[in-house]
Each structure stands twice: as C-alpha cells, then as structure tokens.
Amino acid sequence: MYFDELALSDEVLDALWDMRFDTCTPVQEQTIPVILDGHDVISCAQTGTGKTAAYILPLLTNLQYDNHDPNKLNAIIMAPTRELAQQIDQQMEGFGFYVPFSSVAIYGGNDSGAWGTQVTGLQKGADIVIATPGRLLSQMNIYDIDFSGVKYFILDEADRMLDMGFYDDIMTIVNKLPKDRQTIMFSATMPTNIRKMAKAIMHNPIEVQIAISRPPESIRQMAVDIFETQKTAFLNKLLGDEAQKREGEGLKKVIIFVGKKQRVKELARALRANHIDARAMHSDLEQKERDEVMLDFRNGKVEVLVATDIVSRGIDVDDIPLVINYDVPRDAEDYVHRIGRTARAANKGEAITLVSPEDKRFFNKIERFLQKIIDRVPLPAE
C-alpha cells in the first residue's frame, strides 16, 4: 500500500514525498488507519519495521484536524532510553516539516541549557512531548505542569520500559492525564505485564499483531563455539579478515555487543591496541560523549562500536553489515534486538555470536525461541 492511499494530511504526505517515502511497511499499513479513526491501539512489532512512523504520521494528521488547545501539551510519547527519544525527535522533525506543531524531547544527561529548554517546552505548552519516564517524572516533581490538554498518549517499546522498571513511573504519569484520551502502545513482545498495563490504561484497544518477534531471513546468523580466553584473539582475526575483504576500504560499521560496561571498555582498548578503530558506548559516558560517538559511527568515522545493550534498541543506522555478540545475551528478546541492528531497510547482514561453554545453556534457550539451530562456524586453526 502507498501512503497516499491513507487518509493522511497533505502536509504529512508532502514531507513523505520529500523524504522519498512512498510505500507503507506492514505495521504502518495496518496501524495508521486504526489510529486515524481514534481507537486505542496495541501494536506488536519488532524494531526496524517502521513503527515510529506508524504513530507519528497519524498523530500529526489528527492534530491538524481535531479540536485542541494550542497553548497546552497535546501529545506525550514515552520512550525507554534517551537514544530512542532522540531518534523519535529527529523523525518528528522530518515528518512534521510542513505542519505547524512544536515538539520537545525530555531525557537525562543534558547540560543546564537543555534542561531549561525542556522546562520551557513543558510549561509553555509544546504540542508534542517526547520523553523518558524518569526524566519526565523528575520535571513533574519540581514544576507544576499542566497535562489537562493531552489527547494522545503513546508508549514506544513498552516491553522494554517495563523491563527497565518504569511501570510505577508510567502509572504516575498516566494518573495525571485526562481520562478522555487516545492511548497507543507499541511493543516487540506481548507478555502478561504488558497486557496488565494495557487493561489499566486503555479503553477497548484494537490489537495489531504484525509478526512474531524473530529475526528476518535477511540476517545470516552464525555462532562460534569458543573458550572465553580465545574470544579477543578470534575477534582480531575476524575483523582483520573483514577489512581485507573490503579491499583496503577498512571496516564498515560493525557493532560488538558485550554484556557488561567494564568489559566494553577493556575490549575497545584491546581492539585499538591491534590497530582497529573501535569506540566504546556504555552508560558511564556523558550524553555529549555518547552523541559524538554515535554521530561518528553513523557517518563512518568510527569503524567498530563496542557497546552494551544500551544501543540494541532505538538506534537508527540502516547500513550496518555485521553484528557480533561477544557475550551471549541472557534473554532471547535481547538477542533479537541486538542482531536487528543489521539487515535494516531492505539490506542484508550477518550476525555472529561467540558461545563459551558457560554460555551454552543461554544460547540453547535462544535457539529454542528461534525454533532453529544456528549455523556453527569453525575456529581458525591458529
């Protein structure tokens, strides 16, 4: 289906045209009409399916046509991490280029100037607020914020927010909102706690199931049975071979996921010692540092990003050919989101997981979830 077959406003369609978007993804095709009709919606769709546009486009259209107070907050979009909040804010800027609405992103790790901008946006009545739960709650505890005009409440990656312990924060925020609102929830999975929250905050929601949260076939998944002490040496060889395959062009945007931030720092140092351009991404970095690392990685100035799960969701980089799990994630859903960083936007990609004897039971659980045995790659003789 094409976007111009949907009841989106001309201004939104003009922005899509400028951005060279013409065809809907399945989640957009099934969700946008339901949101435009004003229903509460639960949409189960994994990362990389175009879900952000699935709620931004109808939100911008509905704001143009409904009766709302232009001097009050009209919509709140909740996201689990500052990275996802930033991504949503960037997409809002593009999709909303021709509409007369203001938005403000509320997340932690900013300087005092950004804090002031956030406070001004909340108190002056930005049309759309994009926020992490903890930061918005902090603002609410300090300042008197008027939520009486909120007509739209959107939860993106709701399962992740609950995993991170934000249930009470979300419910505190919900209790400040008008009862007569449209609530929209996106989640990669639909566990019991998500359904419990949906029952508490939604009114007769329509459920849109796009697909089981499993990796697309465009990702070639591989695993290496390896001892912990062999991992770094194997990685150096693997990345060296990858660089050679690219005929002197160097590595092209590789993400290596590591379980703990201390191991992230150690591995990044070890790779740099072997002349591999690697940068670390973890929660100890200041927001400005994290922004700089991601910008350099997105622009190809950094070849290898060594990261915790902080970037497994919500990072919009389409041309990542290789993802490596240095440590096996403990949760199958985390595995799906990690390797989902590759093979985006119709590209193909590869994902390699290093499986130590200690990690085999966790990897077996992932294979059971995927309902397939991942191909094993033999260790090089050396």
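Shown above is the structure to which this text applies.
These figures come from a predicted structure and were not determined experimentally.

Trainee: Would you take a moment to explain the overall build of the protein chain for this structure?
Mentor: Summing up its helical and strand segments, the protein chain has 14 helices and 14 strands in all. For 382 residues, the compact-globule estimate of 2.2 N^0.38 gives 21 Å, and the protein chain sits close to it at 21 Å. Excluding contacts between residues fewer than 6 apart, the proportion of contacts in the protein chain whose partners are at least 24 apart in sequence is 77%. Looking at the protein chain as shown, the accessible area adds up to about 17,300 Å², and 48% of this sits on carbon and sulfur atoms. For the protein chain, the centre of its 45 positive side-chain charges and the centre of its 57 negative side-chain charges are spaced 6 Å apart.

Trainee: Help me understand the side chain of Gln221 in this model?
Mentor: Along the chain, Gln221 falls in strand S8 (residues 219-225). Looking at Gln221, the relative accessible area reads 7%, which means it is buried. A distance of 2.7 Å separates polar atoms of two side chains, one belonging to Gln221 and the other to Tyr335. Non-local contacts of Gln221, meaning those with residues more than four positions away in its chain, are made with Pro215, Tyr335, Ile339, Ala351, Leu370, Lys372, Ile374 and Asp375.

Trainee: What exactly am I supposed to notice about the packing of aromatic side chains here?
Mentor: Two numbers describe a pair of aromatic rings. These are the distance of the centres and the angle of the planes. Within this structure, the stated rule accounts for four aromatic pairs. Ring centres of Phe97 and Tyr98 lie 5.0 Å apart, and the angle between their planes is 85°; this geometry places the pair in the edge-to-face category. Its relative accessible area of 59% is what places Phe97 among the exposed residues. We note Lys196 situated over the ring of Tyr167; from NZ or CZ to the ring centre the distance is 5.5 Å. Sitting over the ring of Phe362, Arg330 keeps its end group 4.0 Å from the ring centre.

Trainee: What am I meant to see in the packing of helix H13 (residues 332-339) against helix H14 (residues 360-370) here?
Mentor: Two quantities define a packed helix pair, namely the angle between the axes and the distance from one axis to the other. The N-to-C vectors of H13 and H14 enclose an angle of 75°; their axes lie 9 Å apart at closest approach. Here H14 runs roughly perpendicular to H13, going by the angle between their axes. Packed against H13, whose contacting residues are Ala332, Glu333, Tyr335 and Val336, the element H14 presents Phe363, Ile366, Phe369 and Leu370 at the interface. The residue makeup of the contact of H13 with H14, split by class, is seven nonpolar, no polar and one charged.

Trainee: So what exactly am I meant to see when it comes to the sheet that holds strand S12 (residues 322-325) here?
Mentor: Two orientations exist for strands paired in a sheet by backbone hydrogen bonds: parallel and antiparallel. Here seven strands make up an open sheet; going across it, the order is S10-S11-S9-S12-S13-S8-S14 and the pairing parallel. The open sheet terminates on both sides in strands that have one partner only, identified here as strand S10 (278-281) and strand S14 (375-376). Pairing of S8 with strand S13 (residues 349-355), which is carried by seven bridges, proceeds in the parallel orientation. Within the sheet, the bridge partner assigned to Arg220 lies in S13 and is Glu350. Packed onto the sheet, helix H12 (residues 287-298) meets strand S9 (254-257), S10 and strand S11 (304-307) and runs at close to 140° relative to S10.

Analysis parameters
- Residues numbered from 1 in each chain as written.
- Predicted model: local features only at pLDDT ≥ 70, side-chain atom pairs only at ≥ 80, totals over all residues.
- Heavy atoms only, no water.
- Helix = DSSP H or I, 4+ residues; strand = E, 2+ residues; numbered from the N terminus.
- Rg over C-alpha atoms; globule rule 2.2 N^0.38 Å.
- Contact = heavy atoms within 4.5 Å.
- Areas by Shrake-Rupley, 256 points an atom, 1.4 Å probe, with all protein chains shown as cover.
- Lys, Arg positive; Asp, Glu negative; His and termini not counted.
- Charge placed at Lys NZ, Arg CZ, Asp CG, Glu CD.
- Buried < 20%, exposed > 50% of the residue type's maximum accessible area, 1.4 Å probe, protein only.
- Polar contact = N/O pair within 3.5 Å; in protein donor to acceptor, adjacent residues only side chain to side chain.
- Phe/Tyr/Trp six-rings, centres within 6.5 Å; stacked < 30°, edge-to-face > 60°.
- Lys NZ or Arg CZ within 6 Å of the ring centre and 35° of its normal.
- Axes fitted to C-alpha atoms, helices over the stretch in contact; angles between N-to-C directions.
- Parallel < 35°, antiparallel > 145°, perpendicular 65-115°, else oblique.
- Nonpolar A, V, L, I, M, F, W, Y, C, P; charged D, E, K, R; others polar.
- Pairing = 2+ DSSP bridges.

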